[in-house]
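# Per-entry structural report
The lines below spell out each chain.
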Amino acid sequence: MVDQTDGTLRSVAWAEIFPWLSIFRCFRLAAEFRMLLLGAVGMLLTVSGWALLALIFSGSPEVEKQVKPYNGCPWLALSSLVPERPFGLSLYRHTPEAGARPEAVLPSQSYLLRESGPLWGLFEPIRGTWEQLSRPVRDLFDVGLSWTRLAFSVLCTLWVAAVWGWFGGAITRVAAVRLAAEERVGWGKMIRYANAKWPAYFVAPLFPLIGVLLIAVPIGVVSVLLRVGFGVFLLGIFWWIFLIGGLVIALLLLALWAGWPLMWPTISAEGTDSFDALSRTYSYVYQRPLHYLFYVVVALLFGVLGWILVSNFTAGAIHLTYWAAHWGGGTARVASIASGMGDAGGILIRFWVEALKLFTAGFRASYFWVAFTAIYLLMRRAVDATEMDEIHLDDEQEEEYGLPPLKTDAAGVPVVDEEHRGEASSE
């Protein structure tokens, strides 16, 4: 940890003393173009799928309220996370008219995005993405859930697993290789890896829910006896068995709620299957809960700073563009275009502005997955004593980054086989 020569302290390996400092590397990686694009497209597909499912179940008032405030445009719901004026902490839509009261774009308790006040809006990279992607699963456990809403929640859960089984897998694979091996994963290798491991990414978070179902269904069937007086007495005698089942369900759901983002980095870093992802997640959460909580808090606080920087940088670019344009176009004309009014040209201007804001909003998802990749590597180090730089590389990467071929010289000493290395390089 310390480099000393002749008793003089030369340097301190802070990363060895405080390994959690690796979380600070996540911002730069999450802000890259490819990661922002993957995050933005994944978010857009997620909310678009939910909106489409809600329209299919539009006959149910419980489901219809999930998309009613969005007017059929999830894109605007996502882009509204980014303000149009810099240094503003509010995530409300900017209204340029003087004296106009900003109206909240996002409703509370919504599937697409929950309402974020001026303070909570800062926590979007971790809290917001966690809240958004896990909400359909939590809705499954609402008491009094109708069959229609139950079907809707199940389909939304499967859609989340399907979308982020690919996009989350792609982001975490790039992040794992970069954070552990300091190597870059090209588009082709990233796509091939995400395609090959998509079934594992998709199934991993569903296994605990299947376990909960296997326990809850028998309890629900037998509980029909509660409808008759004698049945209540009979079940009261054996209720302790139900409590054991409830305890198992609680253990399954607690680790799932707390550790589900670790499943994707497990598969990306180890190249294993969904069973290994499930096993490691439960092991890490229950064996080192305080370590895990500390790493999540550090990532969350650092994500706050990152989100302030990214969102306000984009807001500054938009605001300064309007500022420069108003010198020639006039204040009133630019203000009308900025508020979404105007002809086809004004609509096209708003399209590009909203596209930039949507692209910026992708930082929420990209930072979320990159941060939890770093957290996984830290938890693996704490529990399994595995070094941070150990990672599974596919066949192409192992061939590219592996050691050169060796041979034995006349003295029996292993040396580099220059001839075969030259052949391999030419290939």
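Just so it is clear, the structure is predicted and the values come from calculations on it, not from any experiment.

## Overview of the overall build of the protein
Looking only at helices and strands, the protein has 18 helices and four strands in total. A total of 427 residues make up the protein; the buried ones form 45% of that total. For the protein, the proportion of contacts with a sequence separation of at least 24, taken over those separated by at least 6, is 75%. Put simply, the protein shows about 21,900 Å² of open surface, and 67% of that area lies on carbon and sulfur atoms.

## A short note on the packing of helix 12 (residues 263-270) against helix 13 (residues 274-287)
Relative to each other, helix 12 and helix 13 sit at 120°, their axes nearing to 8 Å. Considering the angle they form, helix 12 stands oblique to helix 13. In this structure, the crossing between helix 12 and helix 13 has a hand that is right-handed. Listed contacts from helix 13 to Met263, Thr266, Ile267 and Glu270 of helix 12 are Ser274, Asp276, Ala277, Leu278, Arg280 and Thr281. Taken together, the residues of the contact of helix 12 with helix 13 break down into four nonpolar, three polar and three charged.

## Digging into the side chain of Thr129
Note on placement: Thr129 falls in helix 6 (residues 124-139). Since its relative accessible area comes to 3%, Thr129 is described here as buried. Within the structure, the side chain of Thr129 is placed 3.3 Å from the backbone oxygen of Arg364, a separation counted as a polar contact.

## Description of the packing of aromatic side chains
Here the structure, examined in full by the defined rule, presents 26 aromatic pairs. Arranged with centres 5.6 Å apart and planes meeting at 25°, the rings of Phe363 and Tyr367 form a pair that is stacked. Here Phe363 and its partner Tyr367 are both found in helix 16 (residues 344-384), four residues apart, which amounts to about one turn of the helix. Overall, Phe363 belongs to the buried group, its relative accessible area being 0%. Judged by its relative accessible area of 0%, Tyr367 is buried.

## A look at the packing of helix 7 (residues 147-181) against helix 8 (residues 187-203)
Contact geometry for helix 7 and helix 8: axes closest at 8 Å, N-to-C directions at 135°. Comparing their axes, helix 8 and helix 7 come out oblique. In this structure, the crossing between helix 7 and helix 8 has a hand that is right-handed. In contact with Leu158, Ala161, Ala162, Gly165, Trp166, Gly169, Ala170, Thr172, Arg173 and Val174 of helix 7, helix 8 contributes Met190, Ile191, Tyr193, Ala194, Asn195, Trp198, Tyr201 and Phe202. Tallied by class, residues from the contact of helix 7 with helix 8 come to 13 nonpolar, four polar and one charged.

## Side note on helix 13
Spanning 14 residues, helix 13 covers 20 Å between terminal C-alpha atoms, matching the ideal 20 Å at 1.5 Å per step. Turning to helix 13, its buried residues are Ser274, Ala277, Leu278, Arg280, Thr281, Tyr282, Tyr284 and Val285. At its buried positions, helix 13 is contacted by helix 8, helix 9 (206-222), helix 11 (239-259), helix 12, helix 14 (289-329) and helix 16. Between the side-chain oxygen of the N-cap and the backbone nitrogen of Phe275 there are 3.3 Å, and the N-cap of helix 13 in question is Asp273.

## Here we look at unusual backbone geometry
Positive phi outside glycine occurs at Glu182, with the angle close to 55°. Tracing the backbone through its elements, the reader meets Glu182 in the loop between helix 7 and helix 8. With phi around 55°, Ala385 is a residue other than glycine that occupies positive phi space. Counting through the fold element by element, Ala385 comes out in the loop between helix 16 and helix 17 (395-401). Ala385 sits in the exposed class, given a relative accessible area of 63%.

## Brief notes about the confidence of the model for the protein
Looking at the protein as a whole, the pLDDT averages 79, with 76% of positions reaching at least 70. Throughout residues 88-110 the model reports pLDDT below 50, and contacts reaching past four residues in sequence, or to other chains, amount to 53 contacts. Within the model, the stretch residues 112-120 combines pLDDT values under 50 with 30 contacts to residues more than four positions away or in other chains.

## Focus: the nonpolar core
Grouped together as the largest cluster of nonpolar side chains are 91 residues, with contacts concentrated most on Ile23, Trp164, Tyr292, Tyr367, Phe372 and Ile375. With 17 residues, the single largest contributor to this core is helix 16.

## A look at the pattern of salt bridges
Throughout the structure, instances matching the rule amount to 11 salt bridges. A salt bridge links Arg138 to Glu131; the shortest N-O distance between them is 2.9 Å. By relative accessible area, Glu131 is classed as buried at 14%. Here Arg350 ties to Glu354 by a salt bridge, and the two come within 2.4 Å at their closest N and O atoms. On the criterion of helical spacing, the pair formed by Arg350 and Glu354 is a turn pair, its members being four residues apart in helix 16.

## Digging into the layout of surface pockets
Rolled over the atoms, a probe as big as a water molecule pinpoints where empty space is left. Of the voids in this model, the largest pocket is the one considered here, and its volume is about 940 Å³. Lining of the largest pocket is provided by 23 residues; of these, Leu140, Phe141, Leu150, Leu213 and Ala216 occupy positions nearest its centre. If one sorts the elements of the lining of the largest pocket by residue count, helix 9 sits on top with eight residues. Its residues assigned to classes, the lining of the largest pocket comprises 17 nonpolar, four polar and two charged.

## Description of the side chain of Thr266
Tracing the backbone through its elements, the reader meets Thr266 in helix 12. On the basis of relative accessibility, which here comes to 0%, the residue Thr266 falls in the buried class.

Calculation criteria
Residues numbered from 1 in each chain as written. Predicted model: local features only at pLDDT ≥ 70, side-chain atom pairs only at ≥ 80, totals over all residues. Heavy atoms only, no water. Helix = DSSP H or I, 4+ residues; strand = E, 2+ residues; numbered from the N terminus. Buried < 20%, exposed > 50% of the residue type's maximum accessible area, 1.4 Å probe, protein only. Contact = heavy atoms within 4.5 Å. Areas by Shrake-Rupley, 256 points an atom, 1.4 Å probe, with all protein chains shown as cover. Axes fitted to C-alpha atoms, helices over the stretch in contact; angles between N-to-C directions. Parallel < 35°, antiparallel > 145°, perpendicular 65-115°, else oblique. Left-handed = near helix turned anticlockwise from the far one by under 90°. Nonpolar A, V, L, I, M, F, W, Y, C, P; charged D, E, K, R; others polar. Polar contact = N/O pair within 3.5 Å; in protein donor to acceptor, adjacent residues only side chain to side chain. Phe/Tyr/Trp six-rings, centres within 6.5 Å; stacked < 30°, edge-to-face > 60°. Expected span 1.5 Å × (residues − 1). pLDDT = per-residue confidence, 0-100. Core = buried A, V, L, I, M, F, W, Y, C linked by side-chain atoms within 4.5 Å. Salt bridge = Lys/Arg side-chain N within 4 Å of Asp/Glu carboxyl O. 1 Å grid on protein atoms, 1.4 Å probe; cavity = no way out; pocket = protein on both sides within 12 Å on 5 of 7 lines; lining within 4 Å. Points joined across faces, edges and corners; volume = space filled by probe spheres on them.

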